[in-house]
Amino acid sequence: MACYIFGAGSFYGLSQRPAPGDTIIAADGGWLACRKTEVIPDLLLGDFDSLSTQPDFPNILRVPVEKDDTDTMLAVKTGLERGETEFHIYGGMGGRRTDHTVANFQALLYLARRGARGWLYGQGERYTAISGDSITFPARDRGILSVFCLGADAQDVSILGGQYPLHHAVLTADFPLGVSNHFAGQPITVSVRDGSLLIGIVDE
């Protein structure tokens, strides 16, 4: 089972539809994306500053505008409280609010550090994060894979199977050494011993 979160950012369509039994949470303006795709959320939460008005929906959690969590982050925490370990976040990128995109990159790391896997979807791209862990992406003939350090220096980073391999390197937050690697028809494995990585896949 998985948790699908719909935010108020730009929505580029679903890569996959929720399956029966999946948890679906609409965060404020994410309600509009749910209606567009005819997905009925299990919960609608937020401060409703994006929607301007509270929809007529039976399962709503209204929260104050002034709070520490973004609506999407609140949805992430709600999913974790329900025991979810796989998250798909739509409407969390694009638009005029790059600050919210960065906040959602941090949400991916929040999930990774709590034993969950999060995916953040944009237009022909998706991101995830790992912390002291490894991940393998299936083989494909085309596509870009970029790896960035999140936070303190990432130690013993390896990228195996891509066009540009990397072995036991240190990635830092002030130099994008891992940007624009390429799939070359075989799986790519990214690993880090200590530290955290943001990993993006862009379709070509």
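Below is a summary of the structure that appears in this document.

Each value, and the rule that gives it
Residues numbered from 1 in each chain as written. Predicted model: local features only at pLDDT ≥ 70, side-chain atom pairs only at ≥ 80, totals over all residues. Heavy atoms only, no water. Helix = DSSP H or I, 4+ residues; strand = E, 2+ residues; numbered from the N terminus. Rg over C-alpha atoms; globule rule 2.2 N^0.38 Å. Buried < 20%, exposed > 50% of the residue type's maximum accessible area, 1.4 Å probe, protein only. Contact = heavy atoms within 4.5 Å. Areas by Shrake-Rupley, 256 points an atom, 1.4 Å probe, with all protein chains shown as cover. Pairing = 2+ DSSP bridges. Axes fitted to C-alpha atoms, helices over the stretch in contact; angles between N-to-C directions. Salt bridge = Lys/Arg side-chain N within 4 Å of Asp/Glu carboxyl O. Phe/Tyr/Trp six-rings, centres within 6.5 Å; stacked < 30°, edge-to-face > 60°. Lys NZ or Arg CZ within 6 Å of the ring centre and 35° of its normal. Parallel < 35°, antiparallel > 145°, perpendicular 65-115°, else oblique. Left-handed = near helix turned anticlockwise from the far one by under 90°. Polar contact = N/O pair within 3.5 Å; in protein donor to acceptor, adjacent residues only side chain to side chain.

### Section: the overall build of the protein
Of the regular secondary structure elements, the protein holds 3 helices and 14 strands. In summary, the protein has a C-alpha radius of gyration of 17 Å against a globular reference of 17 Å for 204 residues, a match within 12%. Evaluated residue by residue, the protein yields a buried proportion of 49% over its 204 residues. Put simply, 57% of the contacts in the protein that link residues at least 6 apart link residues at least 24 apart. About 10,200 Å² of surface is accessible on the protein, with carbon and sulfur atoms providing 48% of the total.

### Re the sheet that holds strand β11 (residues 166-171)
In spatial order, the strands read β8-β13-β10-β11; together these 4 strands make up an open sheet with antiparallel pairing. Each of the sheet's edge strands pairs with one partner strand only, and the pair in question is β8 (134-137) and β11. Neighbour-to-neighbour, the strand axes of this sheet turn through a mean angle of 20°, independent of strand direction. Pairing geometry for strand β10 (residues 154-160) and β11, over 3 bridges, is antiparallel. The partner of alanine 154 across the bridge, within β11, is leucine 171.

### Details of the pattern of salt bridges
The full count for this structure, using the stated rule, is 7 salt bridges. Between aspartate 203 and arginine 140 there is a salt bridge, and its shortest N-O distance comes to 2.7 Å. Of this pair, aspartate 203 sits in the segment after β14 (196-202) while arginine 140 sits in the loop between β8 and β9 (144-149), and the two are 63 residues apart along the sequence. Here aspartate 203 falls in the partly exposed class, since its relative accessible area comes to 45%. In this structure, arginine 193 and aspartate 156 form a salt bridge, with 3.5 Å as the shortest nitrogen-oxygen distance. Placement of the pair is arginine 193 in strand β13 (residues 188-194) and aspartate 156 in strand β10, with a sequence separation of 37 residues. Residue classification places aspartate 156 among the partly exposed positions, given a relative accessible area of 22%.

### Examining the packing of aromatic side chains
Under the counting rule described, the total for this entry stands at 8 aromatic pairs. For the pair phenylalanine 6 and phenylalanine 11, a centre-to-centre distance of 6.2 Å together with 55° between the ring planes defines the contact as tilted. This pair shows no difference in class: phenylalanine 6 is buried, exactly as phenylalanine 11 is. The class for phenylalanine 6 is buried, based on a relative accessible area of 0%. An aromatic cluster of three or more residues is present, and its members are Tyr4, Phe6, Phe11, Tyr90 and Tyr121. Lying over the aromatic face of tyrosine 110, arginine 114 brings its terminal NZ or CZ to 3.5 Å of the ring centre. It is arginine 126 that lies over the ring of tryptophan 119; its NZ or CZ is 4.5 Å from the centre.

### A short note on the packing of helix α2 (residues 71-81) against helix α3 (residues 98-112)
One can describe the packing of α2 onto α3 by two numbers: an axis separation of 10 Å at closest approach and a directional angle of 15°. In terms of orientation, α2 and α3 fall into the roughly parallel class. For α2 against α3, the interelement crossing comes out right-handed. Residues Thr72, Met73, Val76, Lys77 and Leu80 of α2 touch α3, and the partners they reach there are Asn104, Ala107, Tyr110 and Leu111.

### A closer look at the side chain of aspartate 47
Considering the arrangement of structural elements, one finds aspartate 47 in the loop between β3 (43-46) and β4 (60-62). In this structure the side chain of aspartate 47 is engaged in a polar contact, spanning 2.7 Å, whose partner is the side chain of lysine 67. Once residues lying within four places of it in the same chain are set aside, the contact partners of aspartate 47 are Asp28, Arg62, Val63, Pro64, Val65, Lys67 and Asp71.

All quantities given are derived from atomic positions and should not be read as evidence of function.
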